[in-house]
Amino acid sequence: MNEKLECLKKLLSDAEAVVIGAGAGLSASAGFDYSAERFLKYFSDFAKKYKFEDMYTGGFYPFEDYEEFWAYWSRYIYINRYVDPPKPVYNQLLELVSGKNHFVITTNVDHCFQKAGFDKRRLFYTQGDYGLWQCSEPCHQSTYDNSAAVRDMVEAQGYKISENGSLECPENTLPLMRIPAELIPRCPRCGRPMTMNLRSDDTFVEDDGWHRASEAYVDFINDCSSCRTLFLELGVGSNTPGIIKYPFRRMTVENIHAVYVSINKDEVFIPQGIAERSLSIAGDIGDVLCCLLGRKYHKN
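Residues numbered from 1 in each chain as written. Predicted model: local features only at pLDDT ≥ 70, side-chain atom pairs only at ≥ 80, totals over all residues. Heavy atoms only, no water.

Draft legend 1. Representation of the side chain of Asp110 within the structure. Structurally, Asp110 is set in the loop between strand S2 (102-106) and helix H7 (112-116). Separated by 2.6 Å, the side chains of Asp110 and Ser27 make a polar contact. Discounting residues that sit within four places of it in the chain, Asp110 has contacts with Ser27, Phe32, Asn80, Arg81, Tyr90, Lys115 and Tyr130. (Helix = DSSP H or I, 4+ residues; strand = E, 2+ residues; numbered from the N terminus. Polar contact = N/O pair within 3.5 Å; in protein donor to acceptor, adjacent residues only side chain to side chain. Contact = heavy atoms within 4.5 Å.)

Below you can see the structure in the form of structure tokens.
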């Protein structure tokens, strides 16, 4: 492990460009767990009623009405989009690449890169954003900020938003599992219910901001196509390999000056064709970043 970390330090130092590809494992390292204690803290009522065991399961449940649907989703959105992750992994990543020519492509939708201070002009959120809504049809290709509406929804369930932004329920009270009908978000053009701007089918809206980010990413890749480029893959699984994993490997093949690094909890398969210009590190991403910065990682 020490040899691999020293190798990665040198690769970062020598790189003329760094392309970061981030998946769910990066946010998990930052403390955004979608099950266990964090799930029960905010969704114990839904878990008891519907036998959910994690937030993802509840996200796909066919609730009977929009009042209950948005009660669930407003909590979901708030704690995963408007509350900072408990561990400063994203901040450490920014510190590590600060001063380097870099760009981020991510399948995460929790906005953690911008909250940590990454320049939004160097970010491409391919799969959407918990903080945006769109028409469920959709009748037009626009998205809408949901911050104020989500706050109204969680407060209508009995939650209080503390000074640090966390959700608190008054002692000896239970949150409501419904929101008032007047808070159900509807499309300002056609009146249909709104939905999350998350890629799940062909109704996903790629708005002007999405297209600008996509073009900026393509321009960055073209500009560094022949320079010493470090493709740094962080916490990317196998659910959507065609967005980050496979393109990173392909671009490493095409650019003889490029290197491919993957950091994940489990050992990552490295294709034989780029084995000599690749590095895989199995471990917690936060631990690895702290080691690269010369610090001890505090998990709590």
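We are not done yet, so read on.
Draft legend 2. Structural context of helix H11 (residues 285-292). In terms of burial, H11 is a largely internal element, six of the eight residues being buried. Within H11, the full set of buried residues consists of Ile285, Gly286, Val288, Leu289, Cys290 and Leu292. Considering only its buried residues, H11 is in contact with helix H1 (2-14), helix H2 (24-29), helix H6 (89-97), strand S9 (229-234), strand S10 (259-264) and strand S11 (278-282). Looking one or two residues beyond H11, the residue adopting positive phi is Gly294, at roughly 75°. (Buried < 20%, exposed > 50% of the residue type's maximum accessible area, 1.4 Å probe, protein only.)

Draft legend 3. Looking closely at the side chain of Thr229. By the element assignment, Thr229 lies in strand S9. Within polar-contact distance, the side chain of Thr229 engages the backbone oxygen of Cys224 at 2.9 Å. Leave out the neighbours within four places in its chain, and Thr229 touches Ala17, Val19, Cys224, Asn255, His257, Ala258 and Val259.

Draft legend 4. Expanded view of the pairing of S2. Most of S2 is tucked away: five of the five residues are buried. With burial as the criterion, each face of S2 is covered, one bearing His102, Val104 and Thr106 and the other bearing Phe103 and Ile105. Relative to S2, strand S1 (residues 17-22) is paired through five bridges, and the arrangement is parallel. Paired with Val19 across the two strands is Phe103, which belongs to S2. Examined bridge by bridge, S2 and strand S3 (residues 123-125) share three bridges and lie parallel to one another. Residue pairing across strands places Val104 opposite Leu123, the latter belonging to S3. (Pairing = 2+ DSSP bridges.)

Draft legend 5. Broad picture of the packing of aromatic side chains. In total, this model carries 32 aromatic pairs according to the counting rule given. Plain terms: the ring middles of Phe124 and Trp210 are 5.2 Å apart, the flat faces sit at 70° to each other, and that makes the pair edge-to-face. Note that Phe124 is positioned in strand S3 and Trp210 in helix H9 (residues 208-223), a separation of 86 residues in sequence. One Lys or Arg, Arg151, reaches over the ring of Tyr82 and ends 4.8 Å from the middle of that ring. (Phe/Tyr/Trp six-rings, centres within 6.5 Å; stacked < 30°, edge-to-face > 60°. Lys NZ or Arg CZ within 6 Å of the ring centre and 35° of its normal.)

Draft legend 6. Looking closely at the sheet that holds strand S5 (residues 144-145). In spatial order, the strands read S5-S4-S8; together these three strands make up an open sheet with antiparallel pairing. Looking along the sheet, the strands with just one partner apiece sit at the ends: S5 and strand S8 (194-198). In the sheet, strand S4 (residues 128-135) pairs with S8 via five bridges, with the strands oriented antiparallel. Pairing of Gln134 across the sheet is with Thr195, part of S8. The sheet contacts of helix H5 (residues 66-82) involve S4, S5 and S8, and relative to S4 the element is tilted by about 140°. (Axes fitted to C-alpha atoms, helices over the stretch in contact; angles between N-to-C directions.)

Draft legend 7. Spotlight on the environment of Ser147. Structurally, the position occupied by Ser147 is in helix H8 (residues 147-156). It is 8.1 Å that separates the C-alpha atoms of Ser147 and Tyr78, two residues lying 69 residues apart in sequence. In this structure the side chain of Ser147 is engaged in a polar contact, spanning 2.6 Å, whose partner is the side chain of Asp145.

Draft legend 8. Molecular detail of the packing of H5 against H8. Where H5 contacts H8, the axes come no closer than 9 Å and their chain directions differ by 120°. If you check the angle between H5 and H8, you find them oblique. H5 and H8 meet at a crossing whose hand is left-handed. From H5, Trp70, Ser74, Arg75, Ile77, Tyr78 and Tyr82 reach across to H8, where they touch Ser147, Val150, Arg151, Met153 and Val154. Residues belonging to the contact of H5 with H8 are distributed by class as follows: seven nonpolar, two polar and two charged. (Parallel < 35°, antiparallel > 145°, perpendicular 65-115°, else oblique. Left-handed = near helix turned anticlockwise from the far one by under 90°. Nonpolar A, V, L, I, M, F, W, Y, C, P; charged D, E, K, R; others polar.)

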